[in-house]
Amino acid sequence: HAVIFIIAMLFVFSGRANVQTAFLQEISSEAFIVENGAIATEVLTPLSALRYDVALLLMWGSGLIAHALGVFYKSGNRYHKRRRVLQETMTRRFGDEWANTVDERTYKRQRRMIHRQFDKRLSFIRHFIGAILFALAIRVVWQPILEMLTVVSQNEPQFPLIILELPVPQLALIIALISVLIHGIVLAIGSALGEDARERAIDREVARELEYSTINGVDVSRRGQPTETPVPEDVPEDSLFSKPKREDSTPQVRLNSDGEFTESFISEMNTDTSTSSQDYHSTQEN
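All values derive from a computational prediction rather than experimental measurement.

(A) Just the overall build of the protein, in detail. Within the protein one finds 11 helices and 0 strands. Counted from the first residue to the last, the protein has its helices and strands arranged as α-α-α-α-α-α-α-α-α-α-α. When the 286 residues of the protein are sorted by exposure, 27% land in the buried category. For the protein, the accessible area works out to roughly 19200 Å², and carbon and sulfur atoms hold 60% of it.

Okay, structure coming up:
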């Protein structure tokens, strides 16, 4: 992207003078005047000074910067930071053995949540840079356009003169900054009341629960701390989890108020014993 941008800008800047000269010659030619009238030449002449090269540099440059920021924040140490935050969150919520107990759907949902939090900050930075460069591009091209509109107003009685009095570059800057401000407010509200707030509430609830119980067989005194054997950074994210372990099918002992086995427990034991006996006889016959 950067190489194409540089080559294109060199071509545009080096050829601007020739393009503007050719444009001025075209609108000043006798054939053009005969076909469109002298007024058309007078109206279009200010556009020969339009710095379209600088405007293109600013507008395309904002896209290049946004692309570069995306690559920067999704690679290197920034990428590993995302993974560390994800692993710490999974450990805090599901214990040190989360890789053996959490299913794929839960893991991917949490991963999208973490990535979305980082991407929100990135989108705000991109928006701010794009807004500033857009306002600068408007300032660059406005003066020739204003001169063209002035010529139009001198030849068109019904032209709204208020347009000539508008501080268009300043208005463009104000509108761009207002859009950035709204974006920031939306992010702040979302952080305070939206998805981020819900995630913080979940973390607080898990922390309270850990004060009274042991979850997934993990010692509560170690819960929420990094695992003793951290996951290597070269391991793919999708391989950090496995299917939940199968639970033991042995019936759990249940006692009534007199300390005797409950009827449901006795029934389950009889069923289990009958099944085991059938399996044994089947094995002997084979």
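(B) Seen up close, helix α4 (residues 52-73). Helix length check: α4, at 22 residues, gives a terminal C-alpha distance of 31 Å against a target of 32 Å (1.5 Å per residue), a fit within 8%. Those residues of α4 not exposed but buried are D53, A55, L58, G61, S62, L64, A66, L69 and G70.

(C) Local environment of the confidence of the model for the protein. Here the protein averages 77 in pLDDT, and 67% of its residues register 70 or above. At the low end of the mean pLDDT range in the protein sits helix α11 (residues 263-285), at 53; at the high end sits helix α1 (residues 2-28), at 92. Confidence drops under a pLDDT of 50 for residues 220-229, and excluding neighbours within four residues, the segment shows 19 contacts in the predicted structure. Within the model, the stretch residues 242-249 combines pLDDT values under 50 with 8 contacts to residues more than four positions away or in other chains.

(D) Quick peek at the environment of P160. Here P160 lies in the loop between α7 (104-155) and α8 (162-165). Distance in space between the C-alpha atoms of P160 and L149 is 10.0 Å, their sequence separation being 11 residues.

(E) Region of the structure containing the pattern of salt bridges. Tallied over the entire structure, the rule returns 4 salt bridges. Taking the shortest distance from any N to any O, the salt bridge between R16 and D53 comes out at 3.0 Å. With R16 in helix α1 and D53 in helix α4, the pair connects residues that are 37 residues apart, well separated along the chain. A relative accessible area of 0% places D53 in the buried class. Put simply, R16, R51 and D53 are held in one network by salt bridges that share partners.

(F) Representation of the packing of aromatic side chains. Applying the stated criterion to the full structure yields 2 aromatic pairs. Taking 5.4 Å as the distance between ring centres and 85 degrees as the angle between the ring planes, the aromatic pair formed by F5 and W60 counts as edge-to-face. Taken as a pair, F5 in helix α1 and W60 in helix α4 lie far apart in primary sequence, 55 residues in all. R121 extends its terminal NZ or CZ atom over the ring of F118, reaching a point 5.0 Å from the ring centre.

(G) Here's a closer look at the packing of α1 against α4. α4 packs onto α1 with a crossing angle of 170 degrees between their chain directions and a minimal axis gap of 9 Å. Of the possible angle classes, the one that applies to α1 and α4 is roughly antiparallel. Contacts between α1 and α4 involve A2, I4, F5, A8, M9, V12, F13, G15, R16, V19 and Q20 on the former and, on the latter, Y52, D53, V54, L56, L57, W60, G61 and L64. Among the residues making up the contact of α1 with α4, the classes are represented as 14 nonpolar, 3 polar and 2 charged.

(H) Focus on the packing of helix α5 (residues 76-94) against α7. At a minimum axis separation of 10 Å, α5 and α7 run at an interaxial angle of 130 degrees. Comparing the axis directions of α5 and α7 gives the class oblique. Crossing of α5 against α7: the hand is right-handed. Taking contact as the criterion, the partners of K81, R82, V85, L86, T89, M90, R93 and F94 in α5 are, on α7, T106, Y107, Q110, R111, I114, H115, F118 and D119.

(I) Main features of α1. Between the first and last C-alpha of α1 there are 38 Å, a value that for 27 residues agrees with the 39 Å anticipated at 1.5 Å per step. The largest bend in α1 comes to about 50 degrees, at R16. By the burial criterion, the buried members of α1 are F5, A8, M9, V12, G15, Q20 and I27. Check the buried side of α1 and you find it contacts α2 (30-36), α3 (38-44) and α4.

Procedures and definitions
- Residues numbered from 1 in each chain as written.
- Predicted model: local features only at pLDDT ≥ 70, side-chain atom pairs only at ≥ 80, totals over all residues.
- Heavy atoms only, no water.
- Helix = DSSP H or I, 4+ residues; strand = E, 2+ residues; numbered from the N terminus.
- Buried < 20%, exposed > 50% of the residue type's maximum accessible area, 1.4 Å probe, protein only.
- Areas by Shrake-Rupley, 256 points an atom, 1.4 Å probe, with all protein chains shown as cover.
- Expected span 1.5 Å × (residues − 1).
- pLDDT = per-residue confidence, 0-100.
- Contact = heavy atoms within 4.5 Å.
- Salt bridge = Lys/Arg side-chain N within 4 Å of Asp/Glu carboxyl O.
- Phe/Tyr/Trp six-rings, centres within 6.5 Å; stacked < 30°, edge-to-face > 60°.
- Lys NZ or Arg CZ within 6 Å of the ring centre and 35° of its normal.
- Axes fitted to C-alpha atoms, helices over the stretch in contact; angles between N-to-C directions.
- Parallel < 35°, antiparallel > 145°, perpendicular 65-115°, else oblique.
- Nonpolar A, V, L, I, M, F, W, Y, C, P; charged D, E, K, R; others polar.
- Left-handed = near helix turned anticlockwise from the far one by under 90°.
- Bend = angle between axes of the 7 residues up to and from the residue.

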